[in-house]
Amino acid sequence: MCYAIPGRVTSFNQETVIIDYFGEEKKAHNDFYELKVGDYVYAQGGFVVKKIPPDEALEILSVWKETFFDLQEIDLRLSRLNLEAQGIPRKTGLILDKLCEGRPASKEELLYFLNLDDPFQIELLGKSANFVRQKNLKNSCCVHGIIEISSHCSQRCSYCGISAHHQSLSRYRMGCEEIYSVAFDAVEKYGFKALVLQSGEDAGYQTEELAGVIRKIREELGALIFISFGEISIDALDEYYQAGARGFLMRFETSNPVLYEKVRPGNHLETRLELLRKAYEAGYLIITGALIGLPGQTPEDILNDIHLANELKTEMLSFGPFIPHPSTPFACEKKPLETDVLKTLAVARLCSDPESKILVTTGFETLTPQARKTGLMAGANSVMLNVTPMQYRKKYCIYPHRAHEDEEIAFQIQETISLLKSLGRAPTDLG
Ligand code: 5AD
């Protein structure tokens, strides 16, 4: 867990640093700085990402001190369960009790939840997931920034609006200086501590040039950098790690190998999984997950997706709805229901590692305007804000009318902070 507030180094345990936040102790790896007891740092995703001068840290801490405890209290109040509420079928109550106590449920029991269609029971499922989130992770909420650096893509995924199928799309590729300058604003002007650099599978960049910009962002700005460039080579994976990237974001899209080959023709699920495993072994934090509502996908597939994400030792689970794009082979397929996504988030929270972060995706917010709030109240604890320059946003149209695509960064931050405050959540990587 990590807070956007500075923490004070209190001791060392080999390469691990122990950091104090108002009496709560957290551990982080220190790959990048020389540190001593008493230094102040920002930690993200278990890595020290920036060392900051004590006077600056103390000033920020004095602003945070009261808010920190106030938010925790609001969060605790909002996540209390009233399972004695009337009308719950006995089976639902029994399984939820078990999961809330941290005991595992069977496959049949988890599928029972994914198949629920009674709104009252679905609400209860979400509340239970929120209770478990609160119990395990308190009120921390990750707010990463994402920069979509290029919309060029050589892949032909049947669902994706920037795939090579979409021939009429006017595409862009940001140069390295431009990428750095966008990252500079995101960190220095807007306060992001964790950034995702994302693109289609674009052969137009050399690995060395992207490694160069990653190194510069890492060294000069001090942020946690995630790469999300699709299925890159092992050499590239290593080169980006050497440059300072510490996160790898790539969904496996579906755990069903037959469905996988239908939605990513010519590709194999095992190749993608192997890369995710290699990235984990190399030391990357993993963000992965699947699409919800792919044609022919069953609730059992979704449960397997959740289990697969956990087997891959995922730091942050990313499950979002499939949204049809008119210029793709899946143009006429149906999108899923809001409740399909909510049930997935809630079940993921109830059967994943207690420390797992779960994202409310922009896809979910595109499906339904209340999604950020409902998702955060159903087990999720992370969001990503789009910090891509305005002139490129519509060109990165993986699906149409993406939520927030017309909103300036400052506005998105303001809205996010105000929602998080109302829910008693503390942003961990912004501010
Ligand atoms: N609907 C929802 N998500 C999509 N993605 C791509 N196309 C779509 C779509 N039509 C997601 C994929 C990919 C991520 C970058 O965007 O899951 O991994």
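The model shown is predicted, which means the values in this text are computed figures rather than measured ones.

Q: Pulling in residues and values, what's your account of the overall build of the protein chain?
A: For the protein chain, the helix and strand inventory stands at 15 helices and 16 strands. Split into buried and exposed, the 431 residues of the protein chain put 58% on the buried side. Intrachain contacts of the protein chain at a sequence separation of at least 6 include 71% that bridge at least 24 residues. For the protein chain, the computed accessible surface area is about 17,800 Å², with 51% contributed by carbon and sulfur atoms. When the 47 basic and 59 acidic side-chain charges of the protein chain are each reduced to a single mean position, those positions are 3 Å apart.

Q: Tell me what's going on with the site of the ligand, and back it up with residues and numbers.
A: Near the ligand, the surroundings consist of Tyr159, Cys160, Gln198, Arg251, Glu253, Leu291, Pro321, Phe322, Ile323, Ile398 and Tyr399. For the ligand, an oxygen atom lies 2.6 Å from a polar atom in the side chain of Glu253. With respect to the ligand, the backbone of Ile323 contributes an N or O atom lying 2.7 Å from a nitrogen atom. Taken together, the residues of the shell around the ligand sort by class into 8 nonpolar, 1 polar and 2 charged.

Q: Can you tell me about the packing of helix H7 (residues 234–243) against helix H9 (residues 269–282), naming the residues and giving the values?
A: Two numbers describe how H7 lies on H9: the axes approach to 11 Å, and their chain directions differ by 30 degrees. As far as their axial angle goes, H9 and H7 are roughly parallel. Between H7 and H9 lies a crossing whose hand is right-handed. For the pair H7 and H9, contact is made by Ile234, Leu237, Asp238 and Tyr241 and by Leu275, Lys278, Ala279 and Ala282, respectively. Of the residues assigned to the contact of H7 with H9, the class counts are 6 nonpolar, no polar and 2 charged.

Q: I'd like a description of the nonpolar core, backed by residues and values.
A: Grouped together as the largest cluster of nonpolar side chains are 108 residues, with contacts concentrated most on Tyr240, Phe248 and Tyr284. It is helix H11 (residues 338–351) that contributes the most residues to this core, 7 residues altogether. In this view, Phe248 contacts Phe226, Ile227, Gly230, Ile232, Leu237, Leu275, Leu276, Ala279, Tyr284, Leu285, Ile286 and Ile287; residues no more than four positions away in its chain are not counted.

Q: Outline the pairing of strand S14 (residues 357–360), listing residues and values.
A: Because side chains alternate across S14, one face comprises the buried residues Lys357 and Leu359, and the other comprises Ile358 and Val360, equally buried. When strand S12 (residues 316–317) meets S14, the two strands line up parallel, connected through 2 bridges. Across the sheet, the residue bridging to Met316 is Lys357, located in S14.

Q: So what's going on with the pattern of salt bridges? Which residues, and what values?
A: Tallied over the full model, the rule gives 24 salt bridges. Residues participating in the shared-partner salt-bridge network are Glu231, Glu253, Arg264 and Arg272.

Q: A description of the packing of helix H4 (residues 119–137) against H11 should follow, citing residues and the corresponding values.
A: A pair of packed helices is characterised by two quantities: the angle between their axes and the separation of those axes. Packing of H4 against H11 leaves a shortest axis separation of 9 Å and a crossing angle of 35 degrees. Here H4 runs over H11; the crossing is left-handed. Taking contact as the criterion, the partners of Ile122, Leu125, Gly126, Ser128, Ala129, Val132, Arg133 and Leu137 in H4 are, on H11, Thr339, Lys343, Ala346, Val347, Arg349 and Leu350. In terms of residue class, the contact of H4 with H11 is built from 8 nonpolar, 3 polar and 3 charged.

Q: Pulling in residues and values, what's your account of the packing of aromatic side chains?
A: The relative placement of two aromatic rings is captured by the distance of their centres and the angle of their planes. What the rule picks out here adds up to 10 aromatic pairs. With 4.8 Å between their ring centres and 50 degrees between their planes, Phe22 and Phe68 make a pair best called tilted. Of this pair, Phe22 sits in the loop between strand S2 (16–21) and strand S3 (24–29) while Phe68 sits in helix H1 (residues 54–78), and the two are 46 residues apart along the sequence. Residue class for Phe22 comes out partly exposed when judged on its relative accessible area of 21%. In this structure Phe68 comes out as buried when scored by relative accessible area, which is 2%.

Q: Could you give an account of H11, naming the residues involved and the relevant values?
A: Note on helix geometry: an α-helix contains 3.6 residues per turn, so any two residues three or four positions apart are oriented the same way. End to end, H11 covers 20 Å across 14 residues, agreeing with the expected 20 Å (1.5 Å per residue, within 8%). Of all 14 residues that make up H11, 10 are buried, and the element is covered over most of its length. Every buried residue of H11 is accounted for by Val341, Leu342, Lys343, Thr344, Leu345, Ala346, Val347, Ala348, Arg349 and Leu350.

Q: Can you lay out the pairing of strand S6 (residues 140–150) for me, pointing to particular residues and giving the numbers?
A: The two faces of the sheet receive side chains in turn, since in a regular strand these alternate between them. Within S6, 11 of the 11 residues are buried, which leaves the element mostly enclosed by the surrounding structure. Pairing of S6 with strand S15 (residues 382–386), which is carried by 5 bridges, proceeds in the parallel orientation. Following the sheet pairing, Val143 is matched in S15 by Val383. Across 5 bridges, the pairing between S6 and strand S7 (residues 194–199) is parallel. Its bridge partner being in S7, Ile147 is matched across the sheet by Leu197. Crossover handedness for the path S6 to helix H5 (residues 176–189) to S7: right-handed.

Q: Let's hear about the environment of Pro324: which residues, and what values?
A: Structurally, Pro324 can be placed in the loop between strand S13 (320–321) and H11. Sequence spacing of Pro324 and Ala243 is 81 residues, and the spatial spacing of their C-alpha atoms is 37 Å. Contacts of Pro324, omitting those with residues within four sequence positions, involve Phe330, Ala331, Glu333, Lys335 and Pro400.

Procedures and definitions
- Residues numbered from 1 in each chain as written.
- Predicted model: local features only at pLDDT ≥ 70, side-chain atom pairs only at ≥ 80, totals over all residues.
- Heavy atoms only, no water.
- Helix = DSSP H or I, 4+ residues; strand = E, 2+ residues; numbered from the N terminus.
- Buried < 20%, exposed > 50% of the residue type's maximum accessible area, 1.4 Å probe, protein only.
- Contact = heavy atoms within 4.5 Å.
- Areas by Shrake-Rupley, 256 points an atom, 1.4 Å probe, with all protein chains shown as cover.
- Lys, Arg positive; Asp, Glu negative; His and termini not counted.
- Charge placed at Lys NZ, Arg CZ, Asp CG, Glu CD.
- Near = heavy atom within 4 Å.
- Polar contact = N/O pair within 3.5 Å; in protein donor to acceptor, adjacent residues only side chain to side chain.
- Nonpolar A, V, L, I, M, F, W, Y, C, P; charged D, E, K, R; others polar.
- Axes fitted to C-alpha atoms, helices over the stretch in contact; angles between N-to-C directions.
- Parallel < 35°, antiparallel > 145°, perpendicular 65-115°, else oblique.
- Left-handed = near helix turned anticlockwise from the far one by under 90°.
- Core = buried A, V, L, I, M, F, W, Y, C linked by side-chain atoms within 4.5 Å.
- Pairing = 2+ DSSP bridges.
- Salt bridge = Lys/Arg side-chain N within 4 Å of Asp/Glu carboxyl O.
- Phe/Tyr/Trp six-rings, centres within 6.5 Å; stacked < 30°, edge-to-face > 60°.
- Expected span 1.5 Å × (residues − 1).
- Right-handed = clockwise from strand over helix to strand, strands pointing away.

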